[in-house]
Every structure is written in structure tokens, then in C-alpha cells.
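Read off the chains here:
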Amino acid sequence: MSDALSKYGFETLQIHAGARPDAATGARQTPIYQSTAYVFQDSDHAAALFDLKEIGFIYSRLTNPTVAVLQERIATLEGGIGAICCSSGHAAQLLALFPLMTPGCNVVSSNRLYGGTVTQFNNTIKRFNWSSKLVDLDDECAVREAIDDNTRAIFCESISNPGGYVTDIPAVARIAEDAGLPLIVDNTAATAYLCQPISMGATLVVHSVTKYLTGNGTVMGGAVVDSGTFDWSASGKFPSLSEPESAYHGLKFHETFGPYAYTLHGVAVGMRDLGMTMNPQAAHYSLMGIETLSLRMERHVANALTISTWLEKRPEVAEVTFSGLPSSPYHERQKRVYPKGAGALFTIRLSGGYDACVKTVDNLQLFSHVANLGDARSLVIHPASTTHRQLTDEQKIAAGAGPDVLRLSIGIETAEDLIEDLRQALEAASA
Ligand SMILES: *Cc1c(COP(=O)(O)O)cnc(C)c1O
């Protein structure tokens, strides 16, 4: 983030950070640079770019001017020094781990995670001979015990998906710091408006840009933000960053680029060789979305509180797990760590069990039954039969996605209309 921007507030930065009038045309809105390649000034310029002696645009698998604006904007909002955008939230998680892990290494992770992340961590990353250890982050002894010589990161979500749980990020950051490990926080469900993990001690932040950042259900995207604060050379555990990189004439990223080592490695090695590129159209939609992030998040939070309070009183509803409610065991933590609000993602448990859940979903009109969240529209899903289907029953319950659970992603429509929709669907399901 440039010094000129640091004096501005969040609402200003969400519109201006990273963007300048187009140098060629003066276009005020960031153009969609739909170009694969960029003309070199001369052969020396080309050579300097390829040797990372100069930073600039070469080929859009690595960097693209529209995507670069989005990267700077997200990094600024998160209080990081750099960001890499990529093709999806899941790509961002792999891209985040890639410089840290070698075969045989593990990541100690919260057991309260988005179902897709549990599957990625418990199954797919094993093909790289990486592994994860899912633990209850509220059990400090269990977290410290899970960390071993091969652990390379601690991973958690800020506000967790499917919902109801919020991570005590400062407490987890202390454990990571004691162990000399980077803390990676998936900040998808909170966004930088409700939570800035870097200010609480996180090293890296990952996002599914697909969700609230874009906010309108149009694109797939991901981001990895670096705080620039971690010493990658101190422990000898991160050779990709501290040791010579053979594909760049033996360049050592940390020694050469200092705090920018992780971000530059993410572009120069991660994007170059993994190729999980974000396209400029997606970056454009995401930039549009972020311009209104604070306004939308305020409304999401207010609607979620109104609706969860109403649901808690309904006879059909056995439980509402939303940390914004005083009845939540995480309410005090939410007020302390997430004072601007508890997000808009929560689950309800229906007394009528599996059947009542399915019937409620089928009777809702305004709520859309989709495998997505963080849209301006209100969304509903039955995780046990969809997003969390691949998990064992035990994992489903640990993730808060048992058979009697519905997940709601509250949108920014008129709260009374959403309540009326829920009322008629709950009544139809219990008739
Ligand atoms: C959706 C989601 C992801 C995955 O992001 P995609 O963009 O769908 O790949 C990761 N973490 C959380 C918390 C999510 O909600």
C-alpha cells in the first residue's frame, strides 16, 4: 500500500486502492486488459523482466494489469504488502501452501472448515505427500501437541463456514508465533471489512473472491495476501523461499526481495508453473463488487441479526447457531474479535430433522437453493446432502453440518420479505 493511501478510510480504499486513471486513455474505471502478452521495450527490457531484475507485465498467466489492480486493492484492504489473485478460493489455498510445503510436511488446521477445504486437506493434498491435522482450535493443548517438526503452517477460517463458530485469531496467532510458523486465515466469510487477520498476527490471508468480495454471484476467484512480516529464513523450514531457486539462476527469494519474497514467489513460480490464473473479466467484476463491500457487509450483518433473532423464537427451529446472538457460546468472542459484526452466514437446526430440512428448502421462494454463499441474494443449502456430502457422519457433525441442519446465507434484500419467505416455508414443511 502506498503511503499516499494509508491516510484513507476503508470506504475510500475499497473504491480507489490500486486504481489510477488509465495512462493511455485517461479511462477512470479500470479497463479490462484482455491481452495475453505485453510488448517489451527492447531485448534488454525483456531479459530484465525474465530475470526478475525488473517487475512488469510479460504474459497474463503470471500477471495482468486488471488483475494487478485487484491484487493491490485486496492487499490494501487486508493491510498486507502484496496479494496474488487466482482462479478460485480453492486454488488460493493450494497457492498459499505451495511455497511452504515439501513432501512429508503437514498443516495443522481447524476442524471447523468449509466442507470443500476439509476434502482438499484430508484427501487431495495427500497426492503431493502433504497432509493436514484437523484439530479443535479452542483446545490450545491439542493444537500445540499437533504441531511437529514437519508442520509448516496453521490454517483456520475467521468466521467459519457453515457458520456459528468464530476463531479467536489473536489466540491462534500466539500459538503460531511460539512455534515459529505462519498462520494462514481464510477470511472469506468475514471479509476485510469485518476482520483484518493480519492486524491480529496472521501471516497470510486467503479468500474465495467468488463470495462477498465480488458479492453478486458472477465469477470464480481467489486471493492470497501476504503480511510481509514473516522471516522465511530463520528456521530453515522454508527452502523454496530461503534457498536458491534453480529456475531463476539460483536466486534466493527471501534474500533478494525481503518482505516481498512470498508475493513474488507466488507470481514468478506459483503462477508460472501451477497456472491457476484469474482472468481479467473476473478481476473486473470483483473490482466492481469491492467498491460497495462495506455497504453490503453492514446490510448483510443487520439482516442476519434480525432474521436469526426471529428464527430463534420459531417452534420449528431447535437451534440457531449464529455468533451474533447473545445465546451463542461464541458471542463474547465475536464482540471482542469481530466487533463490526458476526457476518451473515449461519445454520439452523430443525426439530423435524432431515425431512423438514428438505421440505423447507423446496418451499422457499426468495431464498435460492444453491451451493454458494456471500451473494447479494439470500441463499439456502442443506449441507449434509450437498456440500458436506463427502464427509463422514462424524466430520459432518464436527463441521456443524448434521442431517437436521440448514445453512443460510442472508442477503441484502428487505429483511421483512426474507422473514415472510422463511415463515411460509417452515409452516409448509411442518404441515
Ligand atoms: C467457497 C469457499 C472456499 C472455496 O472457494 P471457491 O472460490 O469456491 O474455490 C474456501 N473457503 C471458504 C470459507 C469458502 O466459503
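Computed from a prediction, not measured in an experiment: that's the story for all the values here.

**Student:** Hey, could you run me through the nonpolar core in this one?
**Tutor:** Note that soluble globular proteins tend to have their nonpolar side chains buried in a common cluster. Ranked by internal contacts, the top residues of the largest apolar core, which has 86 residues, are I74, L183, L311, F346, I348, L408 and I410. Per-domain counts for this core show at least three residues from each of domain 1 (10-289) and domain 2 (294-430). Not counting residues up to four positions away in its chain, the partners in contact with L311 are V317, V320, F346, I348, L408, L422 and L426. Formed by 42 residues, the second largest nonpolar core is a distinct cluster that contains A91, A261, L264 and L391.

**Student:** Would you mind showing me how to read the packing of aromatic side chains here?
**Tutor:** When we look at a pair of aromatic rings, we describe it by the centre distance and by the angle of the planes. Tallied over the entire structure, the rule returns 13 aromatic pairs. Measuring from ring centre to ring centre gives 4.5 Å for F230 and W232, while their planes differ by 45 degrees; the resulting arrangement is tilted. One exposure class covers both F230 and W232, and it is buried. When the centroid spacing of 5.5 Å and the interplanar angle of 25 degrees are considered together, the rings of W232 and Y262 count as stacked.

**Student:** Could you clarify how one ought to interpret the packing of helix 5 (residues 89-97) against helix 6 (residues 115-122) in this entry?
**Tutor:** A pair of packed helices can be characterised by two numbers: the angle between their axes and the separation between those axes. Look at helix 5 against helix 6: their axes get within 11 Å of each other, and the N-to-C directions meet at 40 degrees. Classified by the angle between their axes, helix 5 and helix 6 sit oblique to one another. Where helix 5 crosses over helix 6, the handedness of that crossing is right-handed. On the side of helix 5, the interface is formed by H90, Q93, L94 and L97, while helix 6 contributes G116, T117, Q120 and F121.

**Student:** I would appreciate a short explanation of the state of the cysteines in the present structure.
**Tutor:** By definition, a disulfide links the sulfur atoms of two cysteine residues through a covalent bond. Counted according to the given criterion, the structure contains zero disulfides. With no disulfide of its own, C85 lies 7.1 Å from the sulfur of C86, the closest cysteine sulfur. C156 forms no disulfide, and the closest cysteine sulfur to it belongs to C195, at a distance of 8.9 Å. Here C156 falls in the buried class, since its relative accessible area comes to 0%.

**Student:** Could you clarify how one ought to interpret the site of the ligand in this entry?
**Tutor:** The full set close to the ligand counts 15 residues, and G89, D186, S208, T210 and K211 are the nearest of them. The contact in question runs from an oxygen atom of the ligand to an N or O atom on the side chain of S88, over 3.5 Å. Here an oxygen atom of the ligand sits 2.8 Å away from a polar atom, N or O, in the side chain of K211. A total of 380 Å² of accessible area belongs to the ligand in isolation, and the protein chains cover 94% of it. Take the shell around the ligand: its biggest share by element is three residues, from helix 5. Taken together, the residues of the shell around the ligand break down into three nonpolar, nine polar and three charged.

**Student:** Where do I start with the packing of helix 16 (residues 353-363) against helix 18 (residues 415-430) in this structure?
**Tutor:** One way to put it is that helix 16 packs onto helix 18 with a least axis distance of 8 Å and a crossing angle of 135 degrees. When the interaxial angle is binned, helix 16 and helix 18 end up oblique. When you trace helix 16 past helix 18, the crossing you get is right-handed. The residues of helix 18 that touch helix 16, namely those facing A356, K359, T360 and N363, are Q424, A425, L426, A428 and A429. Of the residues in the contact of helix 16 with helix 18, the class split is five nonpolar, three polar and one charged.

**Student:** Please explain the sheet that holds strand 11 (residues 345-350) as it appears in this structure.
**Tutor:** Sheets are built from strands that pair by backbone hydrogen bonding, the pairs being arranged parallel or antiparallel. Strand order in this open sheet of five strands is 10-11-14-13-12, and the pairing throughout is mixed. The two strands at the open ends of the sheet, each matched to only one other strand, are strand 10 (317-321) and strand 12 (368-369). Pairing of strand 12 with strand 13 (residues 379-381), which is carried by two bridges, proceeds in the parallel orientation. Residue pairing across strands places S368 opposite L379, the latter belonging to strand 13.

**Student:** Please clarify how helix 3 (residues 43-50) should be interpreted in this entry.
**Tutor:** Since the α-helix packs 3.6 residues into each turn, any two residues three or four apart lie on the same face. Regarding helix 3, the residues found buried are H45, A46, A48 and L49. Viewed end-on, helix 3 has its buried residues packed into an arc of 165 degrees, placing them on one side of the element. Exposed residues lying more than 90 degrees from the buried face of helix 3 are S43, D44 and F50. The N-terminus of helix 3 is capped by D42, whose side-chain oxygen sits 3.1 Å from the backbone nitrogen of D44.

**Student:** Any chance you could explain the pattern of salt bridges here in plain terms?
**Tutor:** Pairing between side chains becomes possible if they bear opposite charge and their charged atoms approach one another. What the rule picks out here adds up to 19 salt bridges. Between R272 and D273 there is a salt bridge, and its shortest N-O distance comes to 2.7 Å. Classification of D273 as partly exposed rests on a relative accessible area of 45%. In this structure, the salt-bridge partner of R377 is D375, at a minimum N-O distance of 3.1 Å. Here D375 falls in the buried class, since its relative accessible area comes to 6%. When salt bridges that share partners are traced, they join R314, E316, E420, R423 and E427 into one network.

Basis of the calculations
Residues numbered from 1 in each chain as written. Predicted model: local features only at pLDDT ≥ 70, side-chain atom pairs only at ≥ 80, totals over all residues. Heavy atoms only, no water. Core = buried A, V, L, I, M, F, W, Y, C linked by side-chain atoms within 4.5 Å. Buried < 20%, exposed > 50% of the residue type's maximum accessible area, 1.4 Å probe, protein only. Domains from an automatic or database assignment. Contact = heavy atoms within 4.5 Å. Phe/Tyr/Trp six-rings, centres within 6.5 Å; stacked < 30°, edge-to-face > 60°. Axes fitted to C-alpha atoms, helices over the stretch in contact; angles between N-to-C directions. Helix = DSSP H or I, 4+ residues; strand = E, 2+ residues; numbered from the N terminus. Parallel < 35°, antiparallel > 145°, perpendicular 65-115°, else oblique. Left-handed = near helix turned anticlockwise from the far one by under 90°. Disulfide = S-S within 2.5 Å. Near = heavy atom within 4 Å. Polar contact = N/O pair within 3.5 Å; in protein donor to acceptor, adjacent residues only side chain to side chain. Areas by Shrake-Rupley, 256 points an atom, 1.4 Å probe, with all protein chains shown as cover. Nonpolar A, V, L, I, M, F, W, Y, C, P; charged D, E, K, R; others polar. Pairing = 2+ DSSP bridges. Arc of directions from axis to C-beta. Salt bridge = Lys/Arg side-chain N within 4 Å of Asp/Glu carboxyl O.

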